[in-house]
Amino acid sequence: MIPLVKPYIPPREALLPALEAVLYSGYIAEGEQVYEFERRFGEFTGNKNVLALSSGTAALHIALLLSGVGPGDKVISTPLTAEPTNIAIAQTGAQVVWADVEPDTGLPCPRSVRDLTDERTKAIMLVHYAGMVCDMDAFHALSKETGIPIIEDAAHALGAKYTGGDVSPYTIYSFQAIKHMTTVDGGALALGPGTDTQAARRLRWFGLDKKVPRLENDIERAGYKYNMNNCTAAIGLCQLDFIPAVLDRHIANGKYYDKALRNIPGLTLLRYHKNTEPSYWLYTMKVDNREDFIRAMESRGVAASPLHLRNDRHSVFAKSKRPLPALDKFYQKFVHIPCGHWIDDTTRETIVTAIKQGW
Ligand SMILES: *Cc1c(COP(=O)(O)O)cnc(C)c1O
């Protein structure tokens, strides 16, 4: 079976000596490897103001707290995502407000988000689902107009591009097992204009200031233990040597499907927004008779699945329930097929042939 997701681990010869050196160095907590990882990851993404963390969820939590989100506030978000996006909002005590999606992308709809904003709305959470980029032109305009900050959940979107120029205050990445790049577990928070890096650093480590000697420190606000450590940072540093090629493979496969899957009866390709380029963590499309499609693919050795439960189905979000007609339709039809670094030229042709056999 060709899997839908698979961790990328660098070659043994590259990874193990680097990891061994750190493990026996006498310093395995947050230290030089973590700061070097921040420098290199920042260069890679183009935003040098970045904090390495223990998970993407930790990054979401800090971004929400720095946006001033707390009990009684509202955060607009999307149900079409992995649970951490919205559980992080629930952790702050704020109410999740579900925006509807765009029918032809599955991404949060700017018009729906605009209609939902009010004086209690403290943040807009955007998810670049499966590596496709939201309509950032529209969302930056909305954020400027309303003054509500944007948090970009880019857990699926390392290597995706927005070329419109504006930078959001908060962008989070995940290095969990199955993301484009893994450090086993880990995450990062990239801070944009107008954000308080020092406050973010304190929230990362109990509320302590690392620059002040421990015996002279004063915690004003309780923080968390969200730091990355030198061992996972060493894995991350090694990954950064290989990840450009991994991303290239995801993107080349995605572009191949964009062409090869045109004009197939019962299959609708998705649209990508102006000024954006997806990084195809998964390849997403809409199919008629989805259950038949999934069964047919399975019988031909290809894993196909919608992967995520719409988050508004969870009891913890019962109070947020509202009609989402575009999501209802999209949710019946969307499906992912394998697209990542483990799919070579021959395999992707096999997958296209399997689809063209029909369902
Ligand atoms: C994986 C993921 C996260 C959180 O990442 P962790 O590193 O597992 O905490 C957040 N949002 C989305 C959409 C994800 O898929």
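Residue positions are given per chain, counted from 1 along the sequence in the order it is written. Note on the predicted model: pLDDT of at least 70 is required for a residue's local features to be given, and 80 or more for side-chain atom pairs to be given and counted; whole-chain, interface and lining totals, by contrast, use all residues. Side-chain numbers here rest on the full set of heavy atoms in the structure, without hydrogens or water.

(A) The arrangement of the layout of surface pockets in detail. Residues are said to line a cavity or pocket when one of their atoms sits within 4 Å of a point; the points come from a 1 Å grid over protein atoms alone, cavities being sets where a 1.4 Å probe fits but cannot get out and pockets being open sets with protein on both sides within 12 Å along at least five of seven lines. Grid points are joined across faces, edges and corners, and a volume is the space filled by probe spheres set on the points. If you add up the space inside the largest pocket, you get close to 630 Å³. Forming the walls of the largest pocket are 27 residues, and the residues nearest its centre are Thr45, Ala160, Lys161, Tyr162 and Tyr173. For the lining of the largest pocket, the element with the highest residue contribution is helix 8 (residues 230-260), accounting for four residues. For the lining of the largest pocket, the residue count by class is 14 nonpolar, nine polar and four charged. Counting only domains with at least three residues in the lining of the largest pocket, you end up with domain 1 (12-240) and domain 2 (243-356). As a volume, the second largest pocket reaches approximately 160 Å³. Helix numbering and strand numbering both begin at the N terminus, where a helix is a DSSP run of H or I of at least 4 residues and a strand a DSSP run of E of at least 2. Basically, the charged four are Asp, Glu, Lys and Arg, the nonpolar ten are Ala, Val, Leu, Ile, Met, Phe, Trp, Tyr, Cys and Pro, and anything else, Gly included, counts as polar. These domain limits were set by an automatic method or by a database of domain assignments.

(B) Region of interest: the packing of helix 3 (residues 56-66) against helix 7 (residues 197-204). To define axes, lines are fitted to C-alpha atoms, for helices over the stretch in contact only, and angles between the resulting N-to-C directions are given on a 0 to 180 degree scale. Between helix 3 and helix 7, whose axes approach to 10 Å, the crossing angle comes to 130°. With respect to their mutual orientation, helix 3 and helix 7 come out oblique. Remark: the crossing between helix 3 and helix 7 carries right-handed chirality. Every residue of helix 7 that contacts helix 3 at Ile62, Leu65 and Leu66 is listed here: Ala199, Ala200, Leu203 and Arg204. Its residues placed into classes, the contact of helix 3 with helix 7 shows six nonpolar, no polar and one charged. Orientation categories follow fixed angle ranges, with anything under 35 degrees roughly parallel, anything over 145 roughly antiparallel, 65 to 115 roughly perpendicular, and all other angles oblique. Two helices that cross are described as forming a left-handed crossing if the nearer one is turned anticlockwise from the farther one by less than a right angle, and a right-handed crossing if clockwise. Whether two residues are in contact is decided by their heavy atoms, any of which lying within 4.5 Å being enough.

(C) Expanded view of the sheet that holds strand 12 (residues 334-337). Here the rule is simple: two strands pair whenever DSSP picks up at least two bridges between them. With antiparallel pairing, three strands are arranged side by side in an open sheet as 9-11-12. Pairing within the sheet leaves two strands with one partner each, and these edge strands are strand 9 (267-268) and strand 12. Bridging between strand 9 and strand 11 (residues 283-287) involves two bridges; their strand directions are antiparallel. Directly across from Thr268, in strand 11, lies its bridge partner Lys286.

(D) Up close: the pattern of salt bridges. Here, a salt bridge means any side-chain nitrogen of Lys or Arg that lies within 4 Å of a carboxyl oxygen of Asp or Glu. As enumerated under the stated definition, the model contains 19 salt bridges in all. Asp118 is paired through a salt bridge with Lys74; the nearest N and O atoms lie 2.5 Å apart. One end of the pair, Asp118, is in the loop between helix 5 (110-116) and strand 4 (121-127); the other, Lys74, is in strand 2 (residues 74-77), and 44 residues separate them in sequence. We note a salt bridge from Arg310 to Asp312, for which the minimum N-O separation is 2.7 Å. In this scheme, a residue with accessible area under 20% of its type's maximum is buried, one over 50% is exposed, and one in between is partly exposed, where area comes from a 1.4 Å probe on protein chains only. Its relative accessible area of 6% is what places Arg310 among the buried residues. Beyond isolated ion pairs, a larger network of salt bridges with shared partners links Glu30, Glu38 and Arg204.

(E) Here's a closer look at the site of the ligand. Residues in contact with the ligand amount to 15 residues; listed here are only the nearest, Thr57, Asp153, His156, Ser174 and Lys179. Pairs of N or O atoms are called polar contacts if they sit within 3.5 Å, as long as, within protein, a hydrogen donor faces a hydrogen acceptor (for residues adjacent in sequence, only side-chain-to-side-chain pairs). One of the side-chain N or O atoms of His156 is found 2.7 Å from an oxygen atom in the ligand. Contact between the ligand and Lys179: an oxygen atom at 3.0 Å from a side-chain N or O atom of the residue. Relative to its unbound accessible surface of 380 Å², the ligand loses 91% to contact with the protein. If over half the atoms of a molecule are within 2 Å of the grid points of a cavity or pocket, the molecule is regarded as sitting in it. Among the cavities detected, the one that contains the ligand is the second largest pocket. When residues of the shell around the ligand are traced back to their parent elements, those giving at least two are helix 3 and helix 4 (83-91). Distances are taken per atom, and a residue is near a molecule or strand as soon as one of its heavy atoms is within 4 Å of it. Using a 1.4 Å probe, accessible areas were evaluated by the Shrake-Rupley method; residue-level cover was limited to the displayed protein chains.

(F) How the structure looks around the nonpolar core. Remark: nonpolar core denotes a set of buried residues (Ala, Val, Leu, Ile, Met, Phe, Trp, Tyr, Cys) joined through side-chain atoms within 4.5 Å. Counting residues in each nonpolar core, the largest one holds 61 residues, and the members touching the most others are Leu53, Ile62, Leu64, Val75, Tyr129, Ile151 and Leu189. For this core, the leading source of residues is helix 3, giving eight residues. A domain split of this core shows at least three residues from each of domain 1 (12-240) and domain 2 (243-356). Contact partners of Ile151, with chain neighbours within four places excluded, come to Leu60, Ala63, Leu64, Ser67, Ala123, Ile124, Met125, Leu126 and Tyr170. Of all hydrophobic cores here, the second largest spans 26 residues; its members include Ile251, Val302, Cys339 and Ala354.

(G) How the structure looks around helix 6 (residues 136-146). Here helix 6 has its buried residues at Met136, Phe139, His140, Leu142 and Ser143. One side of helix 6 holds all its buried residues, which, seen down the axis, span an arc of 160°. Every exposed residue of helix 6 that faces more than 90 degrees away from the buried side is listed here: Lys144 and Glu145. The inward-facing, buried residues of helix 6 abut helix 5, strand 4, strand 5 (150-153) and strand 6 (161-162). Two residues or fewer after helix 6 comes Gly147, characterised by a positive phi angle close to 75°. The directions from the helix axis to the C-beta atoms are what the arc is built from.

(H) Quick look at the sheet that holds strand 4. Strands sit in the order 1-8-7-5-4-2-3 across an open sheet of seven strands; the sheet is mixed. Every other strand in the sheet has two partners, leaving strand 1 (50-53) and strand 3 (95-98) as the edge strands with one partner each. Sheet twist, expressed as the mean angle between neighbouring strand axes with direction ignored, is 20°. In terms of strand pairing, strand 1 meets strand 8 (residues 187-191) through four bridges, oriented antiparallel. Opposite Leu51, over in strand 8, you have Leu189 as the bridge partner. Seen against the sheet, helix 2 (residues 32-45) touches strand 1, strand 7 (170-174) and strand 8 and runs at an angle of roughly 125° to strand 1. Helix-sheet contacts for helix 6 involve strand 4 and strand 5, and the interaxial angle to strand 5 is about 150°.

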